[in-house]
Amino acid sequence: MSDARGADDLRQGTWEFALADAEGSLLPRAGQPATDYLVDPYPGERPSGSFVIDRAGLCWPVKADADTPCGWVVETGHGLVCLDEWLTCQGAASLGERVPLLGYGSNASPGKVLANGTPLPSVHLACAVEGLAAVWCAGQTAAGRIPVTLTEAPGHAEEAVIMMCDPVELAVLDRIEGRLGRWYDLVTLSHGRVVLSDGAQVLRPIVYVGGRSERFPMLLGGNAVRRSDVDQAGARLLFSLPHEVEVPPTLGEVVPRGTYPPPCGLFPWRVHSATRW
């Protein structure tokens, strides 16, 4: 879909997940192993829609339900369970004790969550992102992959996930994202618009964005290359060609290293609107 149409459809509540259309992604089956989702080629396979991964590494679909205290239910093998109740049964922090982190690259892949050693359970709420885009970076990882970063993209809309993280999860992600060495900075997002499937807008989520030149957007003819337009193989080919790199626009205030915004510091992190998918 065109950028203009994507943004207009999102505002009208008729926007469909671009990734689900382009990649054939489906909702995870109840109890589906997270390892079913391949990590390579980067950024890995991801399901469409919201899901959780339990301590056994199994995925369970999640959907909005305004009749529950937390607004979400998990589709278990024994019926629908309030997400907060499900988290309690897992011995984990409730939604209100977590911080919303925007995941737009490999962090949206269940297989990568397990490969990272991210503490479980893990909560992923599907969202639509407007005015921002995941784009290929101007440098490679140690494994030879071209990763992605986030940048401004007026009129563009794409699917991502809001990962509801506790401090232990964030500490592991800091290591994976190279936050200490500023490969990626953790910022409080103040640009674009992030909307959950229940129509709630997420206010000021945190997000990892490139913090050094190797993680700045790769530019061809002055334009960043969107992940939704080119796959990993294509990105590697473009990387082998002459390209430019420049400091991207700031997307928000950098969170001081070694710290995280407390959940209460981000509330109200969502506002309800009439938008529905």
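Before any of the text, the structure's been laid out above.
Residues numbered from 1 in each chain as written. Predicted model: local features only at pLDDT ≥ 70, side-chain atom pairs only at ≥ 80, totals over all residues. Heavy atoms only, no water.

(A) Looking closely at the overall build of the protein. For the protein, the count of helices and strands is seven helices and 16 strands. Each of the 277 residues in the protein was classed as buried or not, and the buried ones make up 55%. Per element, the accessible surface of the protein, about 11,800 Å² overall, is 55% carbon and sulfur. (Helix = DSSP H or I, 4+ residues; strand = E, 2+ residues; numbered from the N terminus. Buried < 20%, exposed > 50% of the residue type's maximum accessible area, 1.4 Å probe, protein only. Areas by Shrake-Rupley, 256 points an atom, 1.4 Å probe, with all protein chains shown as cover.)

(B) A look at the pattern of salt bridges. This structure, assessed with the given rule, holds seven salt bridges. Between D36 and R29 there is a salt bridge; the shortest N-O distance is 3.7 Å. Owing to a relative accessible area of 37%, D36 belongs among the partly exposed residues under this scheme. (Salt bridge = Lys/Arg side-chain N within 4 Å of Asp/Glu carboxyl O.)

(C) Spatial organisation of the nonpolar core. Counting 56 residues, the largest nonpolar core has L83, L101, L102, W136 and I162 as the members making the most contacts within it. Of the residues forming this core, the biggest block, eight residues, is contributed by strand 8 (residues 148-165). Not counting residues within four places of it along the chain, the set of residues in contact with L102 comprises C127, V129, L150, A160, V161, I162, L189, V194, P205, I206 and V207. Listed in part, the seven residues of the second largest apolar core include A34, Y37, V113 and L120. (Core = buried A, V, L, I, M, F, W, Y, C linked by side-chain atoms within 4.5 Å. Contact = heavy atoms within 4.5 Å.)

(D) How the structure looks around the side chain of T151. With respect to the secondary-structure elements, T151 resides in strand 8. On the basis of relative accessible area, T151 is assigned to the buried category, the value being 9%.

(E) Summary view of unusual backbone geometry. With an omega dihedral of 0°, the bond running from D40 to P41 counts as a cis peptide bond. Locating P41 in the fold gives a position in the loop between strand 1 (32-33) and strand 2 (50-53). Put simply, Y42 and P43 share a cis peptide bond, and its omega is 10°. We note that R182 has phi near 60°; this positive angle belongs to a residue other than glycine. Along the chain, R182 falls in the loop between helix 5 (167-177) and strand 9 (184-189). Non-glycine residue R204 carries a positive phi angle of around 55°. Within the element layout of this structure, R204 appears in the loop between strand 11 (201-202) and strand 12 (206-210). Residue class for R204 comes out partly exposed when judged on its relative accessible area of 42%.

(F) Up close: the pairing of strand 5 (residues 79-82). Where strand 4 (residues 72-76) and strand 5 come together, four bridges link them in antiparallel fashion. Bridge pairing in strand 5 links T76 to G79. (Pairing = 2+ DSSP bridges.)

(G) Quick peek at the environment of G49. On the secondary structure map, G49 appears in the loop between strand 1 and strand 2. Along the sequence, G49 and P28 sit 21 residues apart, while their C-alpha atoms lie 8.2 Å from each other.

(H) Quick look at helix 6 (residues 232-239). Among the residues of helix 6, Q232, G234, A235 and L238 are the ones counted as buried. Around the axis of helix 6, the buried residues are gathered within 160° of arc, so they sit on the same side. Seen from the buried face of helix 6, the exposed residues on the opposite side, beyond 90 degrees, are A233 and L237. Those residues of helix 6 that are buried are in contact with strand 7 (122-136) and strand 13 (219-220). Backbone nitrogen of A233 and a side-chain oxygen of the N-cap are separated by 3.3 Å at the start of helix 6; the cap is D231. (Arc of directions from axis to C-beta. Polar contact = N/O pair within 3.5 Å; in protein donor to acceptor, adjacent residues only side chain to side chain.)

(I) Structural context of the side chain of Q32. Tracing the sequence through the fold places Q32 in strand 1. On the basis of relative accessibility, which here comes to 9%, the residue Q32 falls in the buried class. A polar atom in the side chain of Q32 sits 3.2 Å from the side chain of Y37.

(J) Broad picture of the packing of aromatic side chains. According to the stated counting rule, one finds one aromatic pair in the structure shown. A centroid spacing of 6.2 Å and a plane angle of 55° characterise the contact between Y42 and W136, whose relative ring orientation is tilted. A residue pair is termed long-range when its members are at least 10 positions apart, and Y42 in the loop between strand 1 and strand 2 and W136 in strand 7 qualify at 94 residues. The pair formed by Y42 and W136 is uniform in burial state, with each residue classed as buried. The ring of W183 carries R212 above its face, with NZ or CZ at 3.7 Å from the centroid. (Phe/Tyr/Trp six-rings, centres within 6.5 Å; stacked < 30°, edge-to-face > 60°. Lys NZ or Arg CZ within 6 Å of the ring centre and 35° of its normal.)

(K) Here's a closer look at helix 5. Within helix 5, burial applies to E169, L170, V172, L173, D174 and E177. In this fold, the buried residues of helix 5 make contact with strand 6 (99-103), helix 4 (110-116), strand 7, strand 8, strand 9 and strand 12.

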